[in-house]
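Remarks on the overall topology
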Amino acid sequence: MGIKFLEFVKPFCQLIPEIQKPERKIQFREKVLWTAITLFIFLVCCQIPLFGIMSSDSADPFYWIRVILASNRGTLMELGISPIVTSGLIMQLLAGAKIIEVGDTPKDRALFNGAQKLFGMIITIGQAIVYVMTGMYGVPSEIGAGVCLLIVIQLFVAGLIVLLLDELLQKGYGLGSGISLFIATNICETIVWKAFSPATINTGRGTEFEGGIIALFHLLATRTDKVRALREAFYRQNLPNLMNLLATVLVFAIVIYFQGFRVDLPIKSARYRGQTSSYPIKLFYTSNIPIILQSALVSNLYVISQMLSTKFAGNFIINLLGVWADNGPQRSYPIGGLCYYLSPPESFQSMLTDPIHFILYIVFMLGSCAFFSKTWIDISGSSAKDVAKQLKEQQMVMHGHREKSMIHELNRYIPTAAAFGGLCIGALSVLADLLGAIGSGTGILLAVTIIYQYFEIFVKEQNELGGMGTLLF
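Worth saying up front: this structure is predicted, and the values here are computed from it rather than measured.

Quick look at the overall build of the chain now. Of the regular secondary structure elements, the chain holds 20 helices and seven strands. Taken against the 2.2 N^0.38 rule, which gives 23 Å for 473 residues, the C-alpha radius of gyration of the chain at 24 Å falls within 12% of a compact globule. Buried positions account for 47% of the 473 residues belonging to the chain. Accessible surface for the chain amounts to roughly 24100 Å². Of this, 65% is attributable to carbon and sulfur atoms. Each charge sign in the chain was given a centre, from 36 positive and 31 negative side chains, and these centres are 7 Å apart.

What follows is the structure, given as structure tokens:
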């Protein structure tokens, strides 16, 4: 059935625009240039407003996950990377459950990636239509059918641009992947803005700066009681404070420290005698994949719940999924139902007042991250069997092990590293949320792991070319 499904989508995959693989080795300088161009296009799209929309004071259903999905309300990047991540999540789960069978051949992998891209385009159209029809940009009957169609076309084209930019980097023209680049940029932009924002807000206690660091100097300069000014800069409510920034720095440090945890398995060449090496198995074996998939799952649940509760307010079954309350013009938050128990506690105080919420949230975070991490190794070609096959192709063997016993030995480490690494990622995300880190626990983890990946790419390229000067000039 699985192969039939992929064969069924094959004719449609040929209609999708595709980036060709490079025919020559792309130099590091060119990769940096293409990565910069990709990022520039993305940032420009983040600032171009959608044509035809009406300003809305309604709560933003995507408020919770905009940072993670690299989306910007009311612009061409309204959907961000949501369609790519959602299609990836669904296709990987279908493959993991053996509903879709993906072979080991490059042809099958290419067909699976094509189907994933096709599904991403379908999700882009679906999300665009849902956004327009639910009145996110104004009542459809008021703005007219023509404008509604125009908004859907704009969102679809922007979604297609994101898909192609991601593919451009993944095919080897740039560094890393588009998804990682856009997420890291969005999160870092949020952190820098909340630290140094010059925007002023009247809080009732006088005018204050939004940025935590600028607010510190402003409060020390304008308040006569310096101790009280310091306390306010560190602990002020509803605006970024210095404790939030310190928590963000602490989580950054903890994640980078954990990145160094790994087990090196000794391997040797079967062809050349005396040539030895090691195969590293990191604690974060699947990197940030579990948290990306978990975010995609929760974000889609949040959006569905909010849209249903808007249309069918008071319905018992809809309330079981989630009850939402507005908190200002920009955001609404869950106060009941399943979505409430899957959302992070606002603070330590809310954790103590509702311990059941906190316990269920921790169980969900740790369980889902471990599950996605464990599932991902079988799907992405990084399981013990796949690693043993790669080593065999490279004519490398583990000391004191034949091929079958090598799979058994790798099975002792890889599934454990994947599951335990997923648990640690989930636990660090919970910790960051409780400490009040800027950009949410999930966002911080994604940013650190992505920045670390880029650092590793840079070091690898430097070692291959032999020095910084050769790398850039």
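Here we come to the nonpolar core. Tyr 137, Phe 182, Ile 183 and Leu 446 are the most contacted members of the largest nonpolar core, which totals 89 residues. Looking at this core, the element that brings in the most residues is helix 7 (residues 145-173), giving nine residues. When sequence neighbours within four positions are dropped, the list of residues in contact with Ile 183 reads Val 67, Ile 68, Ala 70, Ile 81, Ile 292, Leu 446 and Ile 450.

Per the stated rule, a full pass over the model turns up zero disulfides. In this model Cys 188 remains outside any disulfide bridge; the closest cysteine sulfur is found in Cys 46, 14 Å from its own. On the accessibility criterion, Cys 188 (27% relative accessible area) is partly exposed. Of all cysteine sulfurs in the structure, the one in Cys 369 sits closest to Cys 339, which takes part in no disulfide; the separation is 17 Å. By relative accessible area, which is 0% here, Cys 339 ends up buried.

Let's shift gears to the pattern of salt bridges. Two side chains with opposite charge may pair up if their charged atoms get near one another. Scanning the entire structure with this criterion turns up six salt bridges. Ionic pairing is found between Arg 24 and Glu 30, a salt bridge with its closest N-O pair at 2.8 Å. For the salt bridge of Lys 282 with Glu 456, the shortest nitrogen-to-oxygen distance reads 2.3 Å. Of the two residues, Lys 282 is situated in strand 4 (residues 276-282) and Glu 456 in helix 19 (residues 441-465); the sequence distance between them amounts to 174 residues.

Moving on to the confidence of the model for the chain. Confidence in the prediction of the chain, expressed as mean pLDDT, is 80, and 90% of residues score 70 or more. Summarising per-element confidence for the chain, the mean pLDDT is lowest in helix 20 (residues 468-472) (55) and highest in helix 2 (residues 28-47) (89).

Two elements in contact, helix 9 (residues 212-222) and helix 10 (residues 226-235), have axes whose closest approach is 9 Å; the angle formed by their N-to-C orientations is 160°. The orientation of helix 9 with respect to helix 10, classified from their angle, is roughly antiparallel. As for the relative orientation of helix 9 and helix 10, their crossing is right-handed in sense. Contacts from Leu 216, Leu 219, Leu 220 and Ala 221 in helix 9 reach Lys 226, Ala 229, Leu 230, Glu 232 and Ala 233 in helix 10. Grouping the amino acids of the contact of helix 9 with helix 10 by side-chain chemistry returns seven nonpolar, no polar and two charged.

A contiguous nonpolar surface patch, about 920 Å² in accessible area, is contributed by Leu 33, Trp 34, Ile 37, Phe 40, Ile 41, Val 44, Ile 48, Leu 149, Ile 153, Val 157 and Ile 161. Contributing elements (two or more residues each) for the nonpolar patch: helix 2 and helix 7. When residues in the nonpolar patch are grouped by element, the largest group, six residues, is from helix 2. Tracing the chain through its elements places Phe 40 in helix 2. The class for Phe 40 is exposed, based on a relative accessible area of 57%.

Summed over the entire model, instances satisfying the criterion amount to 12 aromatic pairs. Each ring, one from Tyr 257 and one from Phe 258, has its centre 6.0 Å from the other, and the planes form 65°; the classification is edge-to-face. Assessed through its relative accessible area of 56%, Tyr 257 is described here as exposed. Exposure remark for Phe 258: the relative accessible area of 23% places this residue in the partly exposed category. Judged by centre distance (6.1 Å) and plane angle (45°), the rings of Tyr 452 and Phe 455 are tilted. Residue Tyr 452 and its partner Phe 455 are located together in helix 19, separated by three residues, close to a single helical turn. Cluster of aromatic residues (ring-pair linked, three or more members): Tyr 257, Phe 258, Phe 261 and Phe 284.

To continue, consider the environment of Asn 288. Considering the arrangement of structural elements, one finds Asn 288 in the loop between strand 4 and helix 12 (289-311). Along the sequence, Asn 288 and Ser 82 sit 206 residues apart, while their C-alpha atoms lie 16 Å from each other. Discounting residues that sit within four places of it in the chain, Asn 288 has contacts with Leu 446, Thr 449, Ile 450 and Gln 453.

Here the focus is the environment of Leu 434. Note that Leu 434 resides in helix 18 (residues 403-435). In this structure Leu 434 comes out as buried when scored by relative accessible area, which is 12%. Placed 397 residues apart in sequence, Leu 434 and Ile 37 show a C-alpha to C-alpha distance of 37 Å.

Next up on the list: the sheet that holds strand 7 (residues 396-398). Taking strand neighbours across the sheet as the criterion, the three strands line up as 4-3-7 in an open arrangement whose pairing is antiparallel. Two strands bound the open sheet, and with one partner strand each, they are strand 4 and strand 7. Neighbour-to-neighbour, the strand axes of this sheet turn through a mean angle of 45°, independent of strand direction. As paired strands, strand 3 (residues 262-269) and strand 4 are joined by seven bridges and run antiparallel to one another. Within the sheet, the bridge partner assigned to Asp 264 lies in strand 4 and is Pro 280.

Time to look at the pairing of strand 3. Across three bridges, strand 3 lies against strand 7 in antiparallel orientation. Looking across to strand 7, one finds that Ile 267 is bridged to Met 398.

Moving on, we come to the packing of helix 2 against helix 7. Between helix 2 and helix 7, the least distance of the axes is 11 Å, while the angle of their chain directions is 170°. By the angle between their directions, the pair helix 2 and helix 7 is classed as roughly antiparallel. Residues Glu 30, Lys 31, Trp 34, Thr 35, Thr 38 and Ile 41 of helix 2 form the contact with helix 7, whose own contacting residues are Ile 161, Leu 165, Leu 168, Leu 169, Gly 172 and Tyr 173. Taken together, the residues of the contact of helix 2 with helix 7 break down into seven nonpolar, three polar and two charged.

How each quantity is defined
- Residues numbered from 1 in each chain as written.
- Predicted model: local features only at pLDDT ≥ 70, side-chain atom pairs only at ≥ 80, totals over all residues.
- Heavy atoms only, no water.
- Helix = DSSP H or I, 4+ residues; strand = E, 2+ residues; numbered from the N terminus.
- Rg over C-alpha atoms; globule rule 2.2 N^0.38 Å.
- Buried < 20%, exposed > 50% of the residue type's maximum accessible area, 1.4 Å probe, protein only.
- Areas by Shrake-Rupley, 256 points an atom, 1.4 Å probe, with all protein chains shown as cover.
- Lys, Arg positive; Asp, Glu negative; His and termini not counted.
- Charge placed at Lys NZ, Arg CZ, Asp CG, Glu CD.
- Core = buried A, V, L, I, M, F, W, Y, C linked by side-chain atoms within 4.5 Å.
- Contact = heavy atoms within 4.5 Å.
- Disulfide = S-S within 2.5 Å.
- Salt bridge = Lys/Arg side-chain N within 4 Å of Asp/Glu carboxyl O.
- pLDDT = per-residue confidence, 0-100.
- Axes fitted to C-alpha atoms, helices over the stretch in contact; angles between N-to-C directions.
- Parallel < 35°, antiparallel > 145°, perpendicular 65-115°, else oblique.
- Left-handed = near helix turned anticlockwise from the far one by under 90°.
- Nonpolar A, V, L, I, M, F, W, Y, C, P; charged D, E, K, R; others polar.
- Patch = residues over 30% accessible without salt bridge, like charges linked within 9 Å, V, L, I, M, F, W, Y side chains within 5 Å.
- Phe/Tyr/Trp six-rings, centres within 6.5 Å; stacked < 30°, edge-to-face > 60°.
- Pairing = 2+ DSSP bridges.

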